Amino acid sequence: MNTELIKIEVNNISDVILLSTSLQNFDFRGQGNILWQIQSNLERSLKDFDLFAQTENNIISRFKQRSANYLDRLPSAYDYFDWLTYIQHYGGPTRLVDFSSSIYIASFFAFNEYRKGDKPVIWAINGKKLNKRIKLEITGSEYESYQIPQNSKYENYKNIENFFDYHRFLNDLIEVSTFYTYPAICRIVPDNQFPRLAAQQGVFYSILSDQAPFFKQLSSIIDLNDENSLISNCDLVSTFDSQDLLKNDPLLVRISFSESFPCNIYCKELEKMNITTETMFPGLDGLGMYLQKLLPNE
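What you see is a predicted model, and the numbers here were worked out from it, not measured in a lab.

Rules used in this analysis
Residues numbered from 1 in each chain as written. Predicted model: local features only at pLDDT ≥ 70, side-chain atom pairs only at ≥ 80, totals over all residues. Heavy atoms only, no water. pLDDT = per-residue confidence, 0-100. Helix = DSSP H or I, 4+ residues; strand = E, 2+ residues; numbered from the N terminus. Contact = heavy atoms within 4.5 Å. Axes fitted to C-alpha atoms, helices over the stretch in contact; angles between N-to-C directions. Parallel < 35°, antiparallel > 145°, perpendicular 65-115°, else oblique. Left-handed = near helix turned anticlockwise from the far one by under 90°. Nonpolar A, V, L, I, M, F, W, Y, C, P; charged D, E, K, R; others polar.

**Q** Tell me about the confidence of the model for the chain, residues and numbers included.
**A** For the chain, per-residue confidence averages 82 on the pLDDT scale, and residues scoring 70 or more make up 82% of the total. When pLDDT is averaged over each element of the chain, strand E2 (residues 26-31) comes out on top at 97 and helix H10 (residues 242-246) at the bottom at 67. The low-confidence segment residues 142-163 (pLDDT under 50) makes 39 contacts with residues lying over four places distant or belonging to another chain.

Spelled out as structure tokens, the structure:
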């Protein structure tokens, strides 16, 4: 059994509450179908992943050219991550994958995308452990505070707090797309907290290498030879407690919902928590989506 990955099936609302309190260093992504891979918008748009780097550069370049007509503030020319944040916010395809620090918000999106016959899922990633691992790979240091050797090509990748600067590192990877070729994903908190991002308690996860899609790199990081192993129900756990859950310090937790889970009751509880389409998408767009819920069921 791979201790980096735990697959859990929850049966009741109390299980979700337990997971919320147990998975403190995790971020969550809800999806409407357990068979869907975790993909960025850009990955979903491409039939040939070999075109990833070229397509991303074209998108950034075109957005830079056109967005000056609409934005009051423009990112600096070579702050690619900042540009990607803007493109993502306004619905364009990027390498960024949305996660939330709240399991409840992630479950809202899982059930909001859910269709009859599908099985919703929440993917939980230990962002602190993931970033520590990639920093160790890049710098050779596993500590939160460290000194990068002088004359290292990474010596400038630390910010004023002496933490590894994934923001800047990602910028250089995009500028020189073949710079880093190993499977690697990092967690990045954007400087620009758009209202929608703030409402969703959002963070981004991004591949650092453009050699393979997100899901394939994630499976390689947790030492799985086949990304389909993430989707299969092998080693599924249906009863658990917080001590058992954390004793192996997993990097990835897959949370699915049993047929007995009270979906309708749970969604009503989320609405009582003010987690609705209207609040997750502040503005008239969110209100319009929320009004769709008022249509009578067939």
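Read on, since the account is not over.
**Q** How would you summarise the packing of helix H5 (residues 103-113) against helix H11 (residues 263-272) if you had to cite specific residues and measurements?
**A** Contact pair H5 / H11: the axes reach a minimum separation of 11 Å and the direction vectors enclose 130°. Taken together, the axes of H5 and H11 lie oblique to each other. Here H5 runs over H11; the crossing is left-handed. Contacts from Tyr-104, Ser-107, Phe-108 and Phe-111 in H5 reach Cys-263, Tyr-266, Cys-267 and Leu-270 in H11. Looking at the contact of H5 with H11 residue by residue, the class counts come to seven nonpolar, one polar and no charged.

**Q** Requested: an account of unusual backbone geometry, with residues and values cited.
**A** Here the phi dihedral of Gln-201 falls at roughly 50°; this positive angle occurs in a residue that is not glycine. Among the secondary structure elements, Gln-201 is positioned in the loop between helix H8 (195-199) and strand E6 (202-207). Phi angles above zero are rare outside glycine, and Asn-274 is one such case at about 65°. Residue position: Asn-274 is located in the loop between H11 and helix H12 (277-280).

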